2 protein chains.
Amino acid sequence: MSILVVGSVAFDTIATPSGTVKDILGGAATYFSLAASYFTDVRVVAVVGEDFLPEHEAVLKKRGVDTRGIGRSAGKTFRWGGQYLDNLNEAKTDFTELNVFEKFQPRIPREYLDTPFLFLANIHPSLQTAVRLEMDGVRLTGGDTMNFWIKGTPKELAETLKLVNVLLINDTETRMLAGEKNLLRAANKVLALGPKALVVKHGEYGATIFFREDAFGAGSHPFRAPALPIDEVKDPTGAGDSFAGGFMGYIASQGEVSREVLKRALFYGGVMGSFAVERFGTERLQNLTRDEIEGRFQVFRQLTHLD
Amino acid sequence: MSILVVGSVAFDTIATPSGTVKDILGGAATYFSLAASYFTDVRVVAVVGEDFLPEHEAVLKKRGVDTRGIGRSAGKTFRWGGQYLDNLNEAKTDFTELNVFEKFQPRIPREYLDTPFLFLANIHPSLQTAVRLEMDGVRLTGGDTMNFWIKGTPKELAETLKLVNVLLINDTETRMLAGEKNLLRAANKVLALGPKALVVKHGEYGATIFFREDAFGAGSHPFRAPALPIDEVKDPTGAGDSFAGGFMGYIASQGEVSREVLKRALFYGGVMGSFAVERFGTERLQNLTRDEIEGRFQVFRQLTHLD
């Protein structure tokens, strides 16, 4: 079944120990769409400026992504610059130029309204809420957020969290959102805010999914998927969004949302994140094959499974 | 088959958010022995002072640990004080009184010399080397070390590493020992120093074992075991030594040292570490049952295994 992602399309300028790139295609919705496109049909709602050229759109179209929801505004596309020179695990932002993204008002094309799966990438929680309310037939909503909204717009975020079924955030965000250092207790506090499941991304250590009791089946045991030890991380940008794309894309491809599907989805999230960081920007995500993805899924399995 | 551990016995004074304890039985050899005692026969070589009473020795003896290798010296037992009030993942040392441990010269009782498995807990690398050379019939040697020796006695440590088959250290120590930030590259550099396998302990994220190519079987794929998300870590002291005890104890119990055994051992290491932190000091490790251990092993499996 198809999935709709709402989020940013951007041009990134990135410096890592492996090199520097300027104004390459990026943004959460871009990484998410490309990663999810290997599993299911993807529709995207975003806004770009006059500098977003057919060659940029072609990156998405080649992967079969439905780009009719990408709106054009006068002005320049969102630009971000950052570096990972000291620490590959955390970006140091050099500049953020919101440009057309500053006034982003997601407009859902009529033909997208029946999309059964939805991912609300990291944008203002009020916009996330508005999109979700417009998509009233959606079967499962995934969402992302960040420290900026957790601190800056807690009331708006609280409303969003009531509508998000699966929240995907990192350790620091989980602890900040819960006001609790212990990860298990923090996860349970976040689940009490609305989501039925919480995916906590641990960077190079993988990710854990926590379930609200009896959500998606019986029990409340968490589940953990690994990340792949990689000898050279060329560019960590977009790893989290690629993870989300693999995770949500796999779920959408299965239709039914059981615990077993969510567990496998966690593995596929790790798989897509591991591909993303092997090259700068979206390069690696543009030219994968399903065989490569299945091959790496098996590597992840060997990495953690006994017998 | 039996295992010999050489390391510290200590009295610890510990403050954590859950409370404070004074002069409780601790030390790497103590935690290791108790954890390993659920899997196999354990022999211990250590030194204690006049304040080490029969009631302390009884803690080990009740678990069947052979304590004939614990030497008595005039003076006080090694004492350590630390706290985890700000950060449960890292101890802040309040004081270290080496006492009789300062002049520790491990003396291996004659009847221990044929012990097939050996664990060199975190002591001066020259002492580790001396013990290993004395135990010339040993089948597998595990070892630990720390930043203090990596920085302070690199030449002595290099000699030790040539004799250690499986090294168990944490992420920071691995990167420091290799002089390399990327974990996979750092692990490969450490393996080039001597060990056939390297276990990197990630604290709350579990542990990864890296293999030298074709050591213990074919291939060079790493393997990762989880840690259990725990809602209250009462006292992290001894978690790493308990991990080592579960890991090495399980290997010794199996006799043969294959990759499959090492993978399962990694799970049992995590299991014993997870028990250790549930109570202050060695309390939880004193009264476990094999059923509880197998039960938690299954929880670890559920936490990571698909299907």
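Here the structure is a predicted model, which means the values were calculated and not measured. (Residues numbered from 1 in each chain as written. Chains lettered and ligands numbered in written order. Predicted model: local features only at pLDDT ≥ 70, side-chain atom pairs only at ≥ 80, totals over all residues. Heavy atoms only, no water.)

(A) Representation of the overall build of chain A in the model. Helix and strand counts for chain A come out as 11 helices and 13 strands. Rg of the C-alpha trace for chain A: 18 Å, near the compact-globule value of 19 Å for 307 residues, within the 12% margin. C-alpha atoms of chain A, sized along the principal axes, occupy 50 × 45 × 35 Å. Counting all 307 residues of chain A, 62% fall into the buried class. When contacts within chain A are restricted to residue pairs at least 6 apart in sequence, long-range pairs at least 24 apart make up 63% of them. Taken together, the 35 basic and 38 acidic charged side chains of chain A have centroids lying 4 Å from each other. (Helix = DSSP H or I, 4+ residues; strand = E, 2+ residues; numbered from the N terminus. Rg over C-alpha atoms; globule rule 2.2 N^0.38 Å. Buried < 20%, exposed > 50% of the residue type's maximum accessible area, 1.4 Å probe, protein only. Contact = heavy atoms within 4.5 Å. Lys, Arg positive; Asp, Glu negative; His and termini not counted. Charge placed at Lys NZ, Arg CZ, Asp CG, Glu CD.)

(B) Representation of the environment of Ile 169 of chain B within the structure. Residue and element names in this part refer to chain B. Relative to the assigned elements, Ile 169 resides in strand β10 (residues 166-170). In this structure, the C-alpha to C-alpha distance between Ile 169 and Asn 147, residues 22 residues apart in sequence, is 9.8 Å. Setting aside residues no more than four positions away along its own chain, Ile 169 makes contact with Asp 144, Thr 145, Thr 174, Leu 177, Leu 198, Val 199, Val 200 and Lys 201.

(C) Expanded view of empty space enclosed by the protein. All chains considered together, the criterion is met by one cavity of 30 Å³ or more. As a volume, the largest cavity reaches approximately 60 Å³. Around the largest cavity, the lining residues are Tyr 205, Arg 224, Ala 225, Pro 226 and Thr 304 of chain A together with Tyr 205, Arg 224, Ala 225, Pro 226 and Thr 304 of chain B. Class assignment of the residues belonging to the lining of the largest cavity gives a composition of six nonpolar, two polar and two charged. (1 Å grid on protein atoms, 1.4 Å probe; cavity = no way out; pocket = protein on both sides within 12 Å on 5 of 7 lines; lining within 4 Å. Points joined across faces, edges and corners; volume = space filled by probe spheres on them. Nonpolar A, V, L, I, M, F, W, Y, C, P; charged D, E, K, R; others polar.)

(D) Structural detail: the pattern of salt bridges. Residues and elements named next belong to chain A. One pass over the full model with this rule turns up 40 salt bridges over all chains. For Lys 162, the salt bridge is made with Glu 159, and the minimal N-O distance between the two is 3.2 Å. Using a relative accessible area of 55% as the deciding quantity, one classes Lys 162 as exposed. You can call Glu 159 partly exposed: its relative accessible area is 41%. (Salt bridge = Lys/Arg side-chain N within 4 Å of Asp/Glu carboxyl O.)

(E) A look at the interface of chain B and chain A. At the interface, 34 residues of chain B touch 34 residues of chain A. Buried area between chain B and chain A, summed over both chains or domains, comes out near 3,200 Å², and the portion from carbon and sulfur atoms is 50%. Among the residues of chain B in contact with chain A, Tyr 205, Arg 224 and Leu 306 of chain B are the three that bury the most area, contributing 25% of the side total. For the pair chain B and chain A, the interface holds six salt bridges. A salt bridge links Arg 264 of chain B to Asp 307 of chain A, with the nearest nitrogen and oxygen atoms 3.0 Å apart. Listing elements by their share of the side of chain B that touches chain A, those giving two or more residues are α6 (171-178), α7 (183-191), β13 (223-225), α9 (259-276) and α11 (290-304) of chain B. Top contributing element to the side of chain B that touches chain A by residue count: α11 of chain B, with five residues. (Buried area = accessible area lost by both parts, 1.4 Å probe.)

(F) Focus on the environment of Lys 181 of chain B. With respect to the element layout, Lys 181 of chain B can be found in the loop between α6 and α7. For Lys 181 of chain B, a relative accessible area of 60% corresponds to the exposed category. If we ignore the near neighbours within four places in the chain, the residues touching Lys 181 of chain B are Asp 86 of chain A together with Arg 175 of chain B. Within polar-contact distance, the side chain of Lys 181 of chain B engages the backbone oxygen of Asp 86 of chain A at 2.7 Å. (Polar contact = N/O pair within 3.5 Å; in protein donor to acceptor, adjacent residues only side chain to side chain.)

(G) Quick peek at the pairing of strand β12 (residues 207-211) of chain B. Residues and elements named next belong to chain B. With respect to burial, β12 is a largely interior element, five of its five residues being buried. A two-sided burial pattern is seen for β12, the buried positions comprising Ala 207, Ile 209 and Phe 211 on one face and Thr 208 and Phe 210 on the other. In this structure, strand β11 (residues 197-201) lies alongside β12, joined through five bridges in antiparallel fashion. Each bridged residue has a counterpart across the sheet, and for Val 200 the counterpart in β12 is Thr 208. Counting the residues between successive antiparallel strands, the hairpin from β11 to β12 contains five residues, one of them, Gly 203, with a positive phi of roughly 60 degrees. Bridging between β12 and β13 involves three bridges; their strand directions are antiparallel. Residue pairing for β13: Ile 209 is matched across the bridge by Phe 223. (Pairing = 2+ DSSP bridges.)

(H) The arrangement of the sheet that holds strand β7 (residues 92-97) of chain A in detail. Residues and elements named next belong to chain A. In space, the four strands of this open sheet follow the order β3-β2-β6-β7, with mixed pairing throughout. Edge positions in the sheet fall to β3 (19-26) and β7, since each of these pairs with one other strand and no more. Neighbour to neighbour, the strand axes of the sheet diverge by 15 degrees on average, direction disregarded. (Axes fitted to C-alpha atoms, helices over the stretch in contact; angles between N-to-C directions.)

(I) Summary view of the packing of helix α9 (residues 259-276) of chain A against helix α11 (residues 290-304) of chain A. Residue and element names in this part refer to chain A. Close contact between α9 and α11 brings their axes to 9 Å; oriented N to C, the two are set at 115 degrees. It follows from the interaxial angle that α9 and α11 lie roughly perpendicular. α9 and α11 meet at a crossing whose hand is right-handed. Between α9 and α11, the contacting residues are Arg 264, Phe 267, Tyr 268, Gly 270, Val 271, Met 272, Ser 274 and Phe 275 on the first element and Arg 290, Glu 292, Ile 293, Glu 294, Arg 296, Phe 297, Phe 300, Arg 301 and Thr 304 on the second. Among the residues making up the contact of α9 with α11, the classes are represented as eight nonpolar, three polar and six charged. (Parallel < 35°, antiparallel > 145°, perpendicular 65-115°, else oblique. Left-handed = near helix turned anticlockwise from the far one by under 90°.)

(J) Region of interest: the relation of the copies chain B and chain A. Overlaying chain B with chain A gives an RMSD of 0.0 Å, the required rotation being 180 degrees about an axis along which the chain moves by 0.0 Å. When the rotation and shift are considered jointly, the pair of chain copies conforms to a two-fold rotation axis. Both copies present the same face, since 100% of the interface residues in chain B are matched by interface residues at the equivalent positions in chain A. (Least-squares fit on C-alpha atoms with pLDDT ≥ 70 in both.)

In short, shape yes, function no, at least from these values alone.
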